[in-house]
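Listed below are the residues making up each chain.
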Amino acid sequence: MPGIWSMHDERIIEYVHSILPRSPGILPSIEDEARRRNIPIVGPLIGRLLFLLVLATRARRVLEIGTAIGYSTIWLGLAARRVKGRVTSIEIDPARADEARANMHAANLDDTVEVITGDALDVIPRLNGRFNLIFIDDSKENYPRYFELCYPRLSKNGLLIADNALWHGEVLSGSAEGKAVARFNSMMIGSMDSLVLPVRDGIAIGIKGGR
Ligand SMILES: C[S@@+](CC[C@H](N)C(=O)[O-])C[C@H]1O[C@@H](n2cnc3c(N)ncnc32)[C@H](O)[C@@H]1O
């Protein structure tokens with residue numbers, strides 16, 4: 001329809017970013033670093049959403065799968081610190097995990113965040129207890145397996161969040177990764193109060209309720 005704007009219009013996306021406050025602390029320098037080295041990070045919009053979701057749910061036990069150099073981890077950690085919570089984040093690449101630890105130190109989050117080096121598929125079963133919020137952002141082929149591993153580890157009313165829930169549109173085109181993400185989305189929507197928001201590359205958010 002003429003005159004109706006598209007949510008994916010570049011000008012709208014630019015506007016939404018332009019009204020965001022500058023990311024706090026060292027995050028802008030990590031945004032620059034990630035851009036320079038081509039490291040995929042969630043960026044300031046999804047980072048701030050993660051921050052708000054931790055605050056809104058007052059999540060005190062937070063798990064992240066896929067740390068990279070700790071950009072999203074800092075957003076989660078800043079919110080967790082406010083609610084006296086803690087973040088555990090898992091990264092398979094030892095050099096990235098070391099860099100993430102250095103970034104946690106620079107962000108004054110040593111006491112709030114623990115970065116574990118290892119394959120999340122092996123590490124998750126060894127973690128103790130349940131989590132109030134789990135954020136998934138690593139290899140897309142693993143997403144269905146992460147659903148199976150993470151769902152039982154969520155507390156009641158716990159949030160499950162997954163980035164790249166549209167995987168550049170490949171959830172429709174049926175590549176191996178696209179199929180895995182689509183499978184994850186249906187597992188989540190089939191068992192939790194949940195949705196996929198078409199923001200950036202898609203973000204899936206579900207709550208483990210009583211059903
Ligand atoms: C998209 S990046 C994470 C970005 C980060 N969440 C952020 O926004 O700042 C995905 C990361 O997951 C890591 N990864 C891939 N497979 C993994 C696995 N099986 N276990 C743990 N980490 C893994 C990769 O090495 C990569 O650093």
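Since we're looking at a predicted model, the values are computed, not measured.

As a further point, take the overall build of the protein chain. The number of helices and strands found in the protein chain is 9 helices and 7 strands. Computed over C-alpha atoms, the radius of gyration of the protein chain comes to 17 Å, within 12% of the 17 Å expected from 2.2 N^0.38 for 211 residues, which places it in the range of a compact globule. Seen through its principal axes, the protein chain has C-alpha atoms that stretch 55 × 40 × 30 Å. For the protein chain, the proportion of its 211 residues judged to be buried stands at 42%. In the protein chain, once contacts between residues fewer than 6 apart in sequence are set aside, the share between residues at least 24 apart is 70%.

A separate point is the site of the ligand. Around the ligand sit 19 residues, and of these Gly66, Tyr71, Ser72, Ala120 and Asp138 come closest. Within the residue set of the shell around the ligand, elements represented by two or more residues are helix H4 (71-82), strand S2 (86-91) and helix H6 (120-123). By residue class, the composition of the shell around the ligand is 9 nonpolar, 4 polar and 6 charged.

Calculation criteria
- Residue numbering note: each chain is counted from 1, following its sequence as written.
- Predicted model: local features are reported for residues with pLDDT of at least 70 only, side-chain atom pairs are reported and counted for 80 or more only, and whole-chain, interface and lining totals are derived from all residues.
- A run of H or I in DSSP counts as a helix once it spans at least four residues, and a run of E counts as a strand once it spans at least two, with each numbered from the N terminus.
- The size measure is the radius of gyration over C-alpha atoms, and the globule rule it meets is 2.2 Å times the number of residues to the 0.38 power.
- The exposure scheme places C-beta atoms from the backbone and then counts, for each residue, the other C-beta atoms within 10 Å of its own, assigning buried at 20 or more, exposed at 12 or fewer, and partly exposed in between.
- What counts as a contact here is a pair of residues whose C-beta atoms, placed from the backbone, lie within 7 Å.
- Whether a residue is near a molecule or strand depends on its C-beta atom, placed from the backbone, lying within 6 Å of it.
- When residues are sorted by character, Ala, Val, Leu, Ile, Met, Phe, Trp, Tyr, Cys and Pro go into the nonpolar class, Asp, Glu, Lys and Arg into the charged class, and all the rest, Gly among them, into the polar class.

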